[in-house]
Amino acid sequence: MGKTPVYVRHLTTETELDDGAVVKEQILLCRSDERGEKEKAILSTVEIKFIDLLTRLKHRIEKGRIKSQSDADNALGKLSERYSRVYRYYTISADVTKKTLVWSTKEENRSDADSLCGGYVLRTNDMSIDKDTIWKTYIALTKAENGFRVLKGNLGLRPNFHQKEGRVDGHVFITVLAYQLLTHILAKLEREGDLRCWETIRRILKTHAYTTMIIPEIGGKVHRIRKAGNPDGSQKAIYNALGINWRKLPKWHVCITPKSEE
């Protein structure tokens, strides 16, 4: 199944600064229905949690567990900070004296927010490049971000806890080197018609592992043989696309001779 299209509109703007200088910018107004649905799903999940906590706060006020208005306002303030994305959709009023907490939906705010879901803006002050180059640069950036996320996790590169500059440089260098290897693998698979993402490729290949066999002899010698297992059909297809002969994967054989007793 192909990806849903992204609708793009190109604009050129001029802004006059306070010192009289004029700044020119290129702007791409983008809209993706798929991205919009994802954003709405995320907001819906957050809103369910918000309403649940709001209902709990209401019960606490009704049962008299919150006795001062300041405590109720502080509780609402914490909710507004934690759930600011959905808090703006509601008008909330708490009255400790009457033991009530009521809320209503701001339908106009919600409608405006829903209409903006899936929309985003790309802008640059480089007037020498065309709109296609702007878009390709953005796509390359998203691929790089996804690559680092897959390789190291969300916090794998920043922050890092090395204390010396050389170690920090080495950490970043290895990360970039791993990313280059990842893009090379994906590009080679794409040329062979395999358009699957790295998460899928890694999930398929992770069950193909090395095994160490320990074989003792009667005389005391111990053989340690480490070799890869036989891949399944899906794994063989990936190796073939990458030009890897799985039958010739490296293997190690170490023979340990016991020390002679004097």
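For clarity, every value in this text was computed on a predicted model and none was experimentally measured. (Residues numbered from 1 in each chain as written. Predicted model: local features only at pLDDT ≥ 70, side-chain atom pairs only at ≥ 80, totals over all residues. Heavy atoms only, no water.)

## Notes on the nonpolar core
- Among the nonpolar cores identified, the biggest contains 20 residues, and Phe50, Leu57, Leu76 and Leu101 are the most heavily contacted of them.
- The set of elements that each furnish at least two residues to this core consists of α1 (33–62), α2 (69–82) and β3 (90–95).
- Sorting elements by how many residues they give to this core places α1 first, with five residues.
- Excluding residues within four positions of it along the chain, leucine 57 makes contact with Ile66, Ala75, Leu76, Leu79 and Leu101.
- Counting residues in each nonpolar core, the second largest holds 14 residues, with Trp198, Ile201, Leu205 and Ala241 among its members. (Core = buried A, V, L, I, M, F, W, Y, C linked by side-chain atoms within 4.5 Å. Buried < 20%, exposed > 50% of the residue type's maximum accessible area, 1.4 Å probe, protein only. Helix = DSSP H or I, 4+ residues; strand = E, 2+ residues; numbered from the N terminus. Contact = heavy atoms within 4.5 Å.)

## Some remarks on the sheet that holds strand β6 (residues 210–216)
- Taken together, the three strands give an open sheet; going across it, the order is β6-β7-β8, and neighbouring strands pair in antiparallel fashion. In this open sheet, the two strands that pair with only one neighbour each are β6 and β8 (252–256). Direction aside, neighbouring strands of the sheet carry axes that sit 15° apart on average.
- Relative to β8, strand β7 (residues 222–228) is paired through five bridges, and the arrangement is antiparallel. Within the sheet, the bridge partner assigned to arginine 224 lies in β8 and is valine 254. (Pairing = 2+ DSSP bridges. Axes fitted to C-alpha atoms, helices over the stretch in contact; angles between N-to-C directions.)

## Some words on helix α8 (residues 233–242)
- Within the sequence span of α8, burial applies to Gln235, Ile238, Tyr239, Ala241 and Leu242. Around the axis of α8, the buried residues are gathered within 160° of arc, so they sit on the same side. For α8, exposure combined with an orientation more than 90 degrees from the buried face picks out Gly233 and Asn240.
- Lining the buried residues of α8 we find α6 (165–191) and α7 (198–205).
- Taken from the residues just after α8, glycine 243 is the one with a positive phi, measuring 75°. (Arc of directions from axis to C-beta.)

## A closer look at the pairing of strand β4 (residues 100–105)
- Pairing of β3 with β4 involves six bridges; the strand directions are antiparallel. Note that in β4 the partner of threonine 91 across the bridge is serine 104.
- Taking the residues that link successive antiparallel strands as the turn, the β3-β4 hairpin has four residues, and the phi of lysine 99 there is positive, at about 55°.

## Considering unusual backbone geometry
- Look at lysine 99: it is not a glycine, yet its phi comes out positive at around 55°.
- Note that lysine 99 resides in the loop between β3 and β4.

## Regarding the packing of aromatic side chains
- A full pass over the atoms with the stated rule returns six aromatic pairs.
- Ring geometry for phenylalanine 50 and tyrosine 87: centres 5.9 Å apart, planes at 75°, overall edge-to-face. Taken together, the residues phenylalanine 50 in helix α1 and tyrosine 87 in helix α3 (residues 84–87) connect sequence positions 37 residues apart.
- Given a relative accessible area of 22%, tyrosine 87 falls into the partly exposed group.
- Taken together, Phe50, Tyr83, Tyr87 and Tyr90 form an aromatic cluster joined through their ring pairs.
- Lying over the aromatic face of tyrosine 120, arginine 35 brings its terminal NZ or CZ to 4.0 Å of the ring centre. (Phe/Tyr/Trp six-rings, centres within 6.5 Å; stacked < 30°, edge-to-face > 60°. Lys NZ or Arg CZ within 6 Å of the ring centre and 35° of its normal.)

## Re the pattern of salt bridges
- Scanning the model with the defined rule gives seven salt bridges in all.
- Arginine 123 serves as the salt-bridge partner of glutamate 25, at 2.5 Å between the closest nitrogen and oxygen. Of this pair, glutamate 25 sits in strand β2 (residues 22–32) while arginine 123 sits in strand β5 (residues 119–124), placing them 98 residues apart in sequence.
- For the salt bridge of aspartate 194 with arginine 196, the shortest nitrogen-to-oxygen distance reads 2.7 Å.
- Using a relative accessible area of 34% as the deciding quantity, one classes arginine 196 as partly exposed. (Salt bridge = Lys/Arg side-chain N within 4 Å of Asp/Glu carboxyl O.)

## Quick word on the confidence of the model for the protein
- On average, residues of the protein score 84 in pLDDT, and 92% of them reach the 70 mark or higher.
- The spread of mean pLDDT over the elements of the protein runs between helix α5 (residues 131–152), the lowest at 76, and α8, the highest at 93. (pLDDT = per-residue confidence, 0-100.)

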